[in-house]
Amino acid sequence: MDDIPESIKKCILIINMAKSDTEKFAALFMVTKLVKGKDCNSQARKALFEAIGFKFLKKLLTNNNVVDDCPPSVYKSLALSILTTFCNEPELATHPEMLANIPVFLDIVQTSDNEDYDDNLIIISEAYTCLQCIAEQEAGQKALIEVGAITKMSEIYSHQSFQTDEALNILVKLVSRYGPAAWGSDPKPFHALVNKIALDFATDQSERKFELATILSALLYSCNKFIIVPGAADETWPQSIYRALYDILTSKIGKNQRDPALKLAANIIELLGVEWTFLDEENPKKFFLLLLQLCAIEVRMQLEDRSFKQAYANAELVTACFIVLEMSINYMATDQLDLEQKEKQSVYTSFKGAFNAVVSILTKVSNDKNRDKLPDSEKVFVCAMVRVLVAWIAQETTAMREQIYSLMPYMFSLANDSFHAYRARKLAEKTKSEGEPMDTDISLMGQIDLLRLMLPALCHLVVEDKARDIVFNLKQEDILYEAMNFHWSIVHYKKPPIPKSERGKARTQPEPELDPKVLDDMRDSRAAMVSLCNIFMNLTVLAPKAVENSMLFNTLLKFIFNNLPELKNIPENLVLHGHLAVLGLLLLKQQSSKVKKNDFSICRYIQSTIRFLWDAYNVDESNDPNALVVSMAYKEHWNEIADLWFLGMQTMSGVLTIVPWISEFAIESGWAEGIAEMLVKVKVGTLPPNVKSAFEDFLCRLVDSNESVKPVLKKGGALKMCRNHRFMELGKKLFGD
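Everything quoted here is computed from the prediction, not taken from an experiment. (Residues numbered from 1 in each chain as written. Predicted model: local features only at pLDDT ≥ 70, side-chain atom pairs only at ≥ 80, totals over all residues. Heavy atoms only, no water.)

Looking at the overall build of the protein chain
Put simply, the test is: Comment: elements are numbered from the N terminus, with helices defined as DSSP H or I runs of at least four residues and strands as E runs of at least two. Taken over C-alpha atoms, the radius of gyration is set against a globule rule of 2.2 Å times the number of residues to the power 0.38. Any residue under 20% of the maximum accessible area for its type is buried, any over 50% is exposed, and the rest in between are partly exposed; the area is computed with a 1.4 Å probe on protein chains only. Here, two residues are considered to be in contact whenever any of their heavy atoms come within 4.5 Å of each other. The method behind every accessible area is Shrake-Rupley, applied with a 1.4 Å probe, and residues are considered shielded solely by the protein chains displayed. Only four residue types enter the charge count: Lys and Arg as positive, Asp and Glu as negative, with His and the chain ends excluded. Taken as the charge location is NZ of Lys, CZ of Arg, CG of Asp or CD of Glu.
A count of helical and extended segments in the protein chain gives 39 helices and 2 strands. Compactness check: the protein chain gives a C-alpha radius of gyration of 34 Å against a globular reference of 27 Å for 737 residues, more than 25% above the reference. The C-alpha extent of the protein chain, read off along each of the three principal axes, is 120 × 70 × 55 Å. Looking at the protein chain as a whole, 52% of its 737 residues qualify as buried. Sequence-distant contacts, at least 24 apart, represent 76% of the contacts inside the protein chain between residues at least 6 apart. Accessible surface, the protein chain: about 35,000 Å² in total, of which carbon and sulfur atoms supply 51%. Treating the 82 positive side-chain charges of the protein chain as one cloud and the 95 negative ones as another, the clouds have centres 6 Å apart.

Topic: the nonpolar core
Here is the rule we go by: Among buried residues, those of type Ala, Val, Leu, Ile, Met, Phe, Trp, Tyr and Cys that are joined through side-chain atoms within 4.5 Å constitute a nonpolar core.
Counting residues in hydrophobic clusters, the biggest one holds 269 residues, and the most contacted among them are Leu-219, Trp-237, Ile-241 and Leu-389. Excluding anything up to four places from it in sequence, Trp-237 contacts Phe-190, His-191, Val-194, Asn-195, Ala-198, Leu-220, Ile-228, Ala-232, Ile-268, Leu-271 and Leu-272.

Some remarks on the packing of helix H30 (residues 574-590) against helix H33 (residues 638-658)
Where we set the bar: For every element, the axis is a line fit to its C-alpha atoms; helices are fit only across the contacting stretch, and the angle between N-to-C directions ranges from 0 to 180 degrees. Each angle receives one of four descriptions, namely roughly parallel if under 35 degrees, roughly antiparallel if over 145, roughly perpendicular if within 65 to 115, and oblique otherwise. Two helices that cross are described as forming a left-handed crossing if the nearer one is turned anticlockwise from the farther one by less than a right angle, and a right-handed crossing if clockwise. Polar here means any residue other than Ala, Val, Leu, Ile, Met, Phe, Trp, Tyr, Cys and Pro, which are nonpolar, and Asp, Glu, Lys and Arg, which are charged; Gly is therefore polar.
Running from N to C, H30 and H33 cross one another at 30°; their axes reach a closest spacing of 9 Å. For the element pair H30 / H33, the angle class is roughly parallel. Relative to H33, the crossing made by H30 is left-handed. Together, Leu-574, Val-575, Gly-578, His-579, Val-582, Leu-585, Leu-586, Leu-588 and Lys-589 of H30 and Glu-640, Ile-641, Leu-644, Leu-647, Gly-648, Thr-651, Met-652, Gly-654, Val-655 and Ile-658 of H33 make up the contact between the two elements. Looking at the contact of H30 with H33, its residues break down into 12 nonpolar, 5 polar and 2 charged.

Side note on the confidence of the model for the protein chain
Keep this limit in mind: pLDDT runs from 0 to 100 and stands for how confident the predictor is about each residue.
Summing up the model confidence of the protein chain, the mean pLDDT is 87 and the portion of residues at 70 or higher is 91%. Within the protein chain, the element-level pLDDT minimum falls on helix H2 (residues 21-35), averaging 68, and the maximum on helix H26 (residues 476-491), averaging 97.

A few points about the pattern of salt bridges
So the rule is basically this: Salt-bridge detection follows one rule: a side-chain nitrogen of Lys or Arg within 4 Å of a carboxyl oxygen of Asp or Glu.
This structure, assessed with the given rule, holds 31 salt bridges. Between Lys-733 and Asp-704 there is a salt bridge whose closest N-O contact spans 2.9 Å. You can see Lys-733 sitting in helix H39 (residues 728-735) and its partner Asp-704 sitting in helix H36 (residues 689-705), a full 29 residues away along the chain. The class of Asp-704 is partly exposed, set by a relative accessible area of 45%. Where salt bridges share partners, they join Arg-425, Lys-426, Glu-429, Lys-517 and Asp-521 into one cluster.

Overview of a nonpolar patch on the surface
Quick reminder of the rule: Two distance rules govern patches: like charges are joined within 9 Å, and nonpolar side chains (Val, Leu, Ile, Met, Phe, Trp, Tyr) within 5 Å, applied only to residues with over 30% relative accessible area and no salt bridge.
A cluster of nonpolar side chains, namely Val-463, Val-541 and Leu-542, defines an oily patch on the protein surface of about 230 Å² accessible area. For Leu-542, the position within the fold is in helix H27 (residues 516-542).

Some remarks on the environment of Val-274
Positionally, Val-274 belongs in the loop between helix H17 (255-272) and helix H18 (284-303). Among the residues examined, Val-274 registers a relative accessible area of 3% and is labelled buried. Once the C-alpha coordinates of Val-274 and Cys-87 are considered, the two residues, 187 residues apart in sequence, prove to be 45 Å apart. Not counting residues up to four positions away in its chain, the partners in contact with Val-274 are Ile-269, Phe-288, Met-327, Ser-328 and Tyr-331.

Concerning H17
As a reminder of what qualifies: One less than the number of residues in a helix, times 1.5 Å, gives the span that helix is expected to have.
With 18 residues, H17 should cover 26 Å at 1.5 Å per step; its first-to-last C-alpha distance of 25 Å lies within 8% of that length. When you tally the buried positions in H17, you get 13 out of 18 residues, the bulk of the element. Count one or two residues on from H17 and you reach Gly-273, which has phi positive near 90°.

A short note on the packing of helix H23 (residues 401-431) against helix H25 (residues 465-473)
Where H23 meets H25, the axes come as close as 10 Å, and the angle between the chain directions of the two elements is 15°. In terms of axis orientation, H23 runs roughly parallel to H25. Crossing geometry of H23 relative to H25 is assigned as right-handed. Residues Glu-402, Tyr-405, Met-408, Pro-409 and Phe-412 of H23 form the contact with H25, whose participating residues are Lys-466, Ala-467, Ile-470 and Val-471. Tallied by class, the residues present in the contact of H23 with H25 amount to 7 nonpolar, no polar and 2 charged.

Looking at the packing of aromatic side chains
Counted only if it meets this: Pairing of aromatic rings covers Phe, Tyr and Trp, the last through its six-membered ring, and needs centres within 6.5 Å; plane angles under 30 degrees mean stacked, over 60 mean edge-to-face, and all others mean tilted.
As enumerated under the stated definition, the model contains 30 aromatic pairs in all. Plain terms: the ring middles of Tyr-246 and Phe-287 are 5.7 Å apart, the flat faces sit at 45° to each other, and that makes the pair tilted. Of this pair, Tyr-246 sits in helix H16 (residues 237-249) while Phe-287 sits in helix H18, and the two are 41 residues apart along the sequence. Pair check on accessibility: Tyr-246 and Phe-287 agree, each one buried. Measuring from centroid to centroid gives 5.0 Å for Phe-561 and Tyr-605, while their planes differ by 40°, and the two rings are tilted. One end of the pair, Phe-561, is in helix H29 (residues 551-563); the other, Tyr-605, is in helix H31 (residues 600-614), with 44 residues separating them in the sequence.

Some remarks on the environment of Phe-190
Secondary-structure assignment places Phe-190 in helix H13 (residues 188-203). For Phe-190 and Leu-219, which are 29 residues apart along the polypeptide, the C-alpha to C-alpha distance reads 8.6 Å.

Digging into the environment of Ala-218
Among the secondary structure elements, Ala-218 is positioned in helix H14 (residues 208-222). Assessed through its relative accessible area of 18%, Ala-218 is described here as buried. Through-space distance from the C-alpha of Ala-218 to that of Leu-644 is 44 Å; in sequence the pair is 426 residues apart.

Some words on the side chain of Lys-710
Tracing the sequence through the fold places Lys-710 in helix H37 (residues 709-715). Assessed through its relative accessible area of 19%, Lys-710 is described here as buried. Residues in contact with Lys-710, not counting those within four places in the same chain, are Val-703, Lys-733 and Leu-734.

A few points about the state of the cysteines
In plain terms, the rule: A pair of cysteine sulfur atoms is labelled a disulfide when the two atoms are within 2.5 Å.
Scanning all chains against the criterion turns up 0 disulfides. Here Cys-459 stays free of any disulfide, with the sulfur of Cys-533 as its closest cysteine sulfur at 9.7 Å. Residue Cys-459 is classed as buried on the basis of its relative accessible area, which comes to 15%.

Written out as structure tokens, the structure is:
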């Protein structure tokens, strides 16, 4: 008590000696004066709080007849006036009694549209101040979430009560901290709130319009897209935001108006996709092209002739522009947007200017001797630059090659750090219970997997000699193999084991569906593995010597032998199945000396590979019983796997020459005979030349490697097949001249 001023000690004594509520209440007038004085330090506030006791303050807030002949609004106002001062102390703002009584403050702000409060708006204002102080502290945020503050704040704003922006600010603080978990699984409160704010945003013509833009950005960024996006088309907020942003960005505006507008545009595009920009039915492309131009110009303005530190000062804005550019590039790559030649040229010029600026600043960073000592927040901004750049070079495959080669070692270093941090975060998430806050402090670098985002660009880069040499010199294939393992752990999802107590019991409930987030992660990891297969295929074909002597590629081959047979036979896995099968064949060809006949894993792998090659064509599913067609299961994905199938057939033929005992699988499985039986049914002259040569070459190599296949093929109708389709070389091998 030594640090407590005498005046406050005296006040505490008076409070302690008070014999009735009226006496204690009288002492509070003295407290209000003292707590706001300059002598009242942190320790003094705590001592006063303990002396008064929260119980008495709560009594003043919730009862209407505490003190005789005194209107309730007076003692409520007095109690809140004292509490607001106490709440400025973090220790008091998170005091268990303070947190336990959050519902009291919420009740006060929720009744702000009652007539009782019309004359005493200061009570509501002070209740908000208490809530805002509590929301500053982590324990306070958790307590607010637990009592349903998000729903209550949403309702307050939706009903347009007094001081609704305070409610919004508290809400934004909570959802920014807790992310999607804060909203729960019901999309209605989110839609109701955002519909209202978006309408205000569209109709408000004051500076508040731009404050609302920032709030909308935070809300859209924090929502659970798997719950919100499916019903968004039936809500009014996408159209309201579109209308407002269109008005803002087509008007003469300054930086203070443009920046929040561009950030909001990036957030909504990231949530709803580029298609959201086409809402104007008369001229759907206009807003898209305008937004793209504005973002490209903004990137140039913020990055050209600037140091990294200067660019970083506006990192949030620049990153928002990157999101628009990246999503636009990816959307245009799907060829769904019909642009005129003039528009294409304009877009290309915009992109080129923006990416020259990105490359220039990345080069400055990569040449800086302190580049590895950047704080994580700055490193994340560099990753954002790399991310948007690799989206561009994945499509523009000849752009800025020499500068890209120079940047590759630094880009890989960042991507590898990001991948390892992301993997660590994913593993931590598996062990963490739901509803805990997003711990942004663990590692900012773990928020995205930059290596995953680089894979499509890397498919093109490794085709080039110089880039491929860089990959091998850096031993980047080791990290790519780690990535393959990581993505396999997601694709090959295993449900948690059933608790022992539940095993053997009859199921009363249907099996729960997988979480949409899990399904989305599986879809993305499938695509990542397909890209990794393409990268490894290019390395295997273009650097055969390096692959032949590499232990890593031998380990990769074993990975495929062991895991391809485990891949679930579902339509979603077909493309991945094909890629793993064919990569395995290419590696088997290079590493044939290390393969042993008695290895059981190779038997299962070859069976899985035969299944992929065998099932591609048939006559049974054709409308014409004499026409060969791509099977129904393959049709949907044929543009992705047609080349793969031909490469697989060609490589299988090559493998038979080097590892002849594999021919036994083709015979014993019935595949060889099946090909003959199928092609016998096909009408003369209708077999496409590339399919004809794929089958004939394979059957010729099969005969070369194993004479015992001859009677099998003859039994399947080889004579008719060779005559009908002019399989000259195969005919000679089977029947002589």
